[in-house]
Amino acid sequence: MSATILQVRDLSVTFDVSPRGAMPWTKPLKLKAVDKVSFNLNKGETLGIVGESGCGKSTLARAVIRMLPASGGSVTWMGQPIFDLSQRNMTALRRDVQMIFQDPLASLDPRMTIGQIVAEPLLTHMPKMSRSERDAEVRAVLDRVGILPSMINRYPHEFSGGQCQRIGIARALITKPDLIVCDEPVSALDVSIQAQVINLLMELQSEIGLSLIFIAHDLSVVKHISDRVMVLYLGNMVELAESKSLYSNAKHPYTKALIASVPVPDPTFAKPEIDALLAGDLPSPINPPSGCVFRTRCSKATELCAREKPVAQSIGSDHSVACHHIED
Amino acid sequence: MRTVFEKDKMNALADNLAAMDTVKGRSLWTDARKRYAANRAAMVSTYVLLAVVLFSIFGGYFAQFSNEEIDWAILGSVPEKGQPSIASGHYFGADELGRDLYARVIQGSQVSLMVGFIGAFVAVSFGTIYGAVSGYIGGRVDSVMMRLVDILNAIPFFFVLILLLVVFGRNILMIFIGVGLVSWLGIARVVRGQTLSLKNKEFIEAARATGVPTFTIIWRHIIPNLMGVVIVYGSLLVPDMILAESVISFLGLGVQEPQTSWGVLISEGTGTMQYGTIWQIGFPLFFFTTVLFCFFYIGDGLRDALDPKDR
């Protein structure tokens, strides 16, 4: 196993929500978007993060790279605790950690040409680089992601969604980062284009040993690209396992329900028998259920689940589950 | 039957594409320019305005008299002999003191247009930067900066301006300062609102994620994306400035003799209207209203061209 580059320990993110009709002295309500999540990320590995809308996937990813303030826990990047870094060192670190966004067109400045957009990280981190060198780099990276370098002076609105996403990837790649955080990079794209973008990411990963944190709500996409997958529910990690074992041998009732909910394209394939599909909605993260956050929708919930919060326990290599009833 | 795609041709095309020189993009500005050019009222207004500006710059070369010179031949009998005529050289007639109105109108146009353009430019530049910084940084900084705007907005502007002119003497600089003090408030507010909606866009987050410094983000991403609003607002601020200056001059507090402006000329013209010297108010008023109309149509056209969604 290769070296761990990112360690996240007990990371929590809390937002203040002011209650309706609040007086200035009423305490704001706390919304726990991410609650004590821990994981490691190795060099060249892809970690998938899945979960329903609003379960804290994007918040977690942003807190990890300090785009949002964390309220507790620690993140260690190559041995450096990043929450203690000065603004200046943090800027230097941003060169090694890049990000790709959900909406391909919205993530490109409409007033800039794609050449300027892709060159921006270089301009920020290597201001001394000459214009011609920078131009050459931009053309090379655009060529790598499959955009004709002669398009360098075009504007984002002149490209399709898939092309825009590839331009976004080019921008993330140009500083030769070690980690790219992908925040639902394919959910706004057509299925055929999704495959293009994902295959591009996987090629790049094997070429330059990139690590990825890949957020999605499409389980089949995550299965295809990830080495390990983390399942989030209401800001809590419920299961973290290697991609293969998660899909074949899910332990947590929530994970099972999630996998069962994936539509099977071919009706002749039998759908795996599942206890019950989930009913109801995600409870409010302002006022989460006591004990296990999933107990309100869980078929196996007992009195123990309401009383005690399950801790993540390791079962076998690289597989941990937070549930009181794993054996059942 | 031949194949639909001729292979050689397609290969040649592919080679062509690959070897093609850098394609020039069609920016949002190019699109806006096209839409603007298609707007007839705005284009006519632009040309008329351009003509007035050129007239105020070069019209002086055709004047038969200077703006200070008093034509003694007609002094005392202006209503009879000072009428506009090509023959006498007073193309726009003469004013009450026998000065050439043509030269005076040119002089007034220069002053009024200058007040309008420079005033609006300063107000828009300052207001844009102020609003963008306030909106982008947000939080407490935003609160303090916006409360300052509220406070300045609450001060009765004309009262302060008149006070300034009385205390520090009447001069054009004082008008600039007085009008400038309040005119940036509106744009600062508008720009702040736009910035608030812009700063949550993903491309701003992308810039932050790559580590672009705050003020560079404001300069490189926020302000260019605000330009649409700013230009429209600016084009409407120019006539506001001209109007404000004219009102003050009309009240007798503005530009001083021997300087003049449209407001002063109109004021003088109204004073002598009853003696039948209708040209003394007619010519300055014509330029004044024409230019204001032009600016309003241009502002309208710019708005349609720059954000086609809001039409």
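Residues numbered from 1 in each chain as written. Chains lettered and ligands numbered in written order. Predicted model: local features only at pLDDT ≥ 70, side-chain atom pairs only at ≥ 80, totals over all residues. Heavy atoms only, no water.

What follows covers the confidence of the model for chain B. Note that predicted coordinates carrying low pLDDT should not be read in detail. Counting all residues, the mean pLDDT for chain B is 83, and 93% of those residues have values of 70 or more. Across chain B, the element-wise mean pLDDT spans from 67 in helix H1 (residues 7-19) of chain B up to 92 in helix H3 (residues 40-58) of chain B. (pLDDT = per-residue confidence, 0-100. Helix = DSSP H or I, 4+ residues; strand = E, 2+ residues; numbered from the N terminus.)

All names here are of chain B. Where helix H10 (residues 214-250) meets helix H12 (residues 279-306), the axes come as close as 8 Å, and the angle between the chain directions of the two elements is 165 degrees. Classed by the angle they form, the pair H10 and H12 counts as roughly antiparallel. Handedness of the crossing formed by H10 with H12: left-handed. Along the contact surface, H10 presents Gly228, Ile231, Val232, Ser235, Leu236, Val238, Pro239, Ile242, Leu243 and Ser246, while H12 presents Phe288, Val291, Leu292, Phe295, Phe296, Gly299, Leu302, Arg303 and Leu306. (Axes fitted to C-alpha atoms, helices over the stretch in contact; angles between N-to-C directions. Parallel < 35°, antiparallel > 145°, perpendicular 65-115°, else oblique. Left-handed = near helix turned anticlockwise from the far one by under 90°. Contact = heavy atoms within 4.5 Å.)

Another aspect to go through is the pairing of strand E9 (residues 228-233) of chain A. Residues and elements named next belong to chain A. With six of six residues buried, E9 is to be regarded as a mostly interior element. Bridging between strand E3 (residues 46-50) and E9 involves four bridges; their strand directions are parallel. The residue bridging Val50 from the neighbouring strand is Val231, located in E9. Relative to strand E10 (residues 236-242), E9 runs antiparallel, the two sharing six bridges. Bridge assignment links Met230 to a residue of E10, and that residue is Leu240. (Buried < 20%, exposed > 50% of the residue type's maximum accessible area, 1.4 Å probe, protein only. Pairing = 2+ DSSP bridges.)

Right, let's get into the pattern of salt bridges. All names here are of chain A. What the rule picks out here adds up to 22 salt bridges over all chains. A salt bridge links Asp16 to Lys30, with the shortest nitrogen-to-oxygen separation between them at 3.0 Å. Taken together, the residues Asp16 in strand E1 (residues 4-17) and Lys30 in strand E2 (residues 29-42) connect sequence positions 14 residues apart. A salt bridge links Asp35 to Lys309, with the nearest nitrogen and oxygen atoms 2.8 Å apart. Note that Asp35 is positioned in strand E2 and Lys309 in the loop between helix H10 (303-307) and strand E11 (313-314), a separation of 274 residues in sequence. Asp35 gets classed as buried once you look at its relative accessible area, which sits at 11%. (Salt bridge = Lys/Arg side-chain N within 4 Å of Asp/Glu carboxyl O.)

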